[in-house]
Every structure is written in structure tokens, then in C-alpha cells.
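# Analysis of the macromolecular model
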Amino acid sequence: MENTVFTNGRTLRTGYTTGSCATAAAKAAAIMLVNRETIDAVKISTPSGADLDIEVLDIAISEDEVTCAVIKDAGDDPDVTNGMRVYATVRKCPSGVQIEGGIGIGRVTRKGLPRSIGCAAINPGPMAQIKANLAEIIDMNKLDHGFAVLIWAPDGVLLAEKTFNPRLGIIGGISILGTSGIVHPMSESALIETVRLELRMRHAVNSRDVLITPGNYGRDFATCELGLDIDAGVKCSNYFGEALDYAAHLKFKRILLVGHAGKLTKLAAGVMNTHSRVADCRMETLTAHAAMHGINSGQALQLMNCATTEASLELLDAWGIREAVYGSILTKAVDNINHRTGGICSVDVIIFTVEAGIVAQTKNSMNLVNELCKGNDVLT
């Protein structure tokens, strides 16, 4: 397969998923169990249609089972599991392919994930990939038995703490993931799918209300000033548009969107992916709205030269127009949000800065904050 992609102006090396690692280890172990001979590499098929040749390590053959490992190669993707060893231990069973997770593979504890509560966090895609590859061995060798597969990863317990798993309710280890079997570097699709997954989980608990925030920035403000636990909401990173689309698709009744002015000002310009690489229109947007409230060209130049929205507040305060400017920014942001959701969800917005606190909020926002803060029945 082609092992490079061109993205964001760079040529980057692709890798393979934990699902492909588990498949390769399981297939290699099954081959060695049948043939009673060691192999140093194995070819697997992936859901994308590409074949991968993957090195096999740490081989241990006994009378009843074979264990081996594959090292995760994420290519040029910044994946915390890169370099981790994924093991498979394979035994004979009466028929079919039975798959279970061992040490370092997380367990599902909440609704809304692709696997049921109590199951190992081995997603349906990798499950199917492992079964398809081992079914080939059964058919090719006309075997009268199947394979029982245990997937495990000794480093998974510690590495999971650096992933989204604790937030998602997956405890004790990593997830075995991958829809295509291939890791595409710097892909936004995995991050967006994580946002959708969190929304599905919140919807499974409470289909009425959801808190959406960009991330951890302003955690102290959200906790101390609003009483909100942002870990109990959905963190959308820069992907406001995708989060709003999916929330509308799930038909949440009400959304509370809480974020720093540096992010939410961009929504007033219709920018729904707020990464600075995509668009940075903060000062342009602020200056345009300030112009609507009477600033002159010299003042506009001062605003445009501000490095941050925090810095611009001093000017807006000095001119006595902060409330008016952020009021119109809020109105435009809400208009753009409602256009994006098609009016399916009722959306309330709170815009803040760390130093100034709340700079703008919709009329009913604090009512929704209070409801979200009542006990733990809404967000946890």
C-alpha cells in the first residue's frame, strides 16, 4: 500500500491502527499454532482493502497456545500508543473466532459506546477484521476447530490515562480501534468522531440538555464562577460546526455553549472551525462590531493591532463600548449557530475571558446553567 500522504503542505508517513496490530498478532499466533513453526512477519488484510506486512515479536509457543506481539506504528500521527506492544494469545476452540480483552485493554462502563457495558473496548471494526483474517486460516487449512483470541497490552493501563478513555467511561486500558486499519497522519476525522462519540454518550444518559465547550481552557472559571463541571460536558476542541451538526442530528432539546471570547468571537464571523490554521478573524470581527458602535479609523487600527481578545478589552472599556460590542457579537454568533443547527436545538451561549469573567450571555443561559448544575442527573 502507499505509505505516505500529502496533508497540510507536508508529506507524512501513514501507520496502522491498534485494530490492525491486534489482527496481525492474532493471525500470526493462529498460523504458528496450526503449523507449529515460528514466523517473523505476517500479511493481513484491512477494512480499507489494503494489505499490510507486519513484523511479529515476543513469540512464545506451548502445547496449547501461542502468544506473540506487534509494535504499534502510528506513522507520523501524534498517537500516544505509538511504539506500544499489542499481544495476542491464541488457543483452539470448538468453532468460530472468539475474541476477548485482557490486561491493558479497557472495559466499557457507560452507555453510548459501540460496545456494551462490561465488554472489552475492542470496537466492532477491529472485531470484524480479526475474525475475517482468522477465518481465512480456518478455511485455507480446512480446520475442524476455531480460535479463541485474547488481546492484551501491558502498557495499556498507563497509556490510557493520556487518552480520552477515562472521559468516555472506558477504564483499565486502551481501546482497540480503527475503521480502515490504516492511520492517516494529522487526520481530523478521528477527533471529530471522538466529539460525536461523546455526544452519543451524553444523549444516552440525557437526550434533553448538553453542555459543549472547546476544552479545558477556562476550567477554573467554569467551575468556580458557573459551578459547571466541564468534564461532564462535551469538549469539541475547534470543531464547533461538527459538534452542532451532530447535536442537532441527535435532536438534543437544549445546548449550553460556554467558551472563551477568543474562540466564540469567530462564530460571529461564521467560522465554525476555530483552529488558527483555518481562520483567525478575532480582531477583524471585533473591529467590525466596534465600528458599528462608532469607533473611528484610529481606534480601529488600535483594535486591529491587539494580539489577543483579552488585550482588546482594555480598549473597549476605555471607549465605553465593551457591552455593546460583545452584545452584537453574541447576537451574530447565535444567529450563525441557529442557522447551522436549523433551529432544531435551543442554544444558549456564555462568552467569557479569564480576567474579565462573563462578557456576554444569552437571556436564558443562567437558567440552563442552574439546571445543569442540579445534582449529577443531567451530565453524569
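Read on for an overview of the structure. (Residues numbered from 1 in each chain as written. Predicted model: local features only at pLDDT ≥ 70, side-chain atom pairs only at ≥ 80, totals over all residues. Heavy atoms only, no water.)

We now examine the pattern of salt bridges. Throughout the structure, instances matching the rule amount to 13 salt bridges. Notably, a salt bridge pairs D53 with K43, separated by 3.2 Å at the nearest N-O pair. Highlighted residues: D53 in strand β5 (residues 51-55) and K43 in strand β4 (residues 41-45), separated in sequence by 10 residues. What makes D53 exposed here is its relative accessible area of 59%. We classify K43 as partly exposed; its relative accessible area is 44%. Residue R91 pairs with E65 through a salt bridge whose shortest N-O separation is 2.8 Å. A residue pair is termed long-range when its members are at least 10 positions apart, and R91 in strand β8 (residues 85-93) and E65 in strand β7 (residues 65-71) qualify at 26 residues. One salt-bridge network, in which partners are shared between bridges, spans R208, D209, R254 and E371. (Salt bridge = Lys/Arg side-chain N within 4 Å of Asp/Glu carboxyl O. Helix = DSSP H or I, 4+ residues; strand = E, 2+ residues; numbered from the N terminus. Buried < 20%, exposed > 50% of the residue type's maximum accessible area, 1.4 Å probe, protein only.)

Not every positive phi belongs to a glycine, and R36 is a case in point at roughly 60 degrees. Located in the positive-phi region is K142, a residue other than glycine, with phi close to 50 degrees. If you trace the backbone, K142 turns up in the loop between α2 (124-140) and β12 (146-152).

On to the nonpolar core, then. Counting residues in hydrophobic clusters, the biggest one holds 45 residues, and the most contacted among them are L199, I212, L316, Y326, V349 and I351. Setting aside its immediate chain neighbours within four residues, L316 contacts L286, A290, L303, I321, R322, V325 and Y326. If you look at the next biggest cluster of nonpolar residues, it comprises 42 residues, including L52, V66, V97 and M127. (Core = buried A, V, L, I, M, F, W, Y, C linked by side-chain atoms within 4.5 Å. Contact = heavy atoms within 4.5 Å.)

Note that S20 resides in helix α1 (residues 18-35). A relative accessible area of 0% means that S20 is categorised as buried. Sequence spacing of S20 and P126 is 106 residues, and the spatial spacing of their C-alpha atoms is 7.1 Å. Residues contacting S20, with those up to four places away along its chain left out, are I44, T46, L52, I54, Q129 and G181.

The pairing of β8 with β12 spans 7 bridges and is classified as antiparallel. Residue C93 lies in a different strand from β12, and its bridge partner there is G146. (Pairing = 2+ DSSP bridges.)

As a further point, take the sheet that holds strand β17 (residues 234-235). Within the open sheet, the 5 strands sit side by side as β17-β16-β18-β19-β20. Their pairing is mixed. The strands lining the two open edges of the sheet, one partner per strand, are β17 and β20 (357-361). As defined by bridge partners, strand β19 (residues 346-353) adjoins β20 across 4 bridges and the pair is classed as antiparallel. Paired with T353 across the two strands is G357, which belongs to β20.

The next point concerns the pairing of strand β6 (residues 57-61). Relative to β7, β6 is paired through 3 bridges, and the arrangement is antiparallel. Counterpart to L57 in the pairing with β7 is A69. Count of turn residues in the β6/β7 antiparallel hairpin: 3 residues.

Here the focus is the packing of helix α11 (residues 309-319) against helix α12 (residues 322-341). For the pair α11 and α12, the least separation of the axes is 8 Å and the interaxial angle reads 130 degrees. Looking at the two axes, α11 sits oblique to α12. Together, T309, S312, L313, L316 and D317 of α11 and R322, V325 and Y326 of α12 make up the contact between the two elements. (Axes fitted to C-alpha atoms, helices over the stretch in contact; angles between N-to-C directions. Parallel < 35°, antiparallel > 145°, perpendicular 65-115°, else oblique.)

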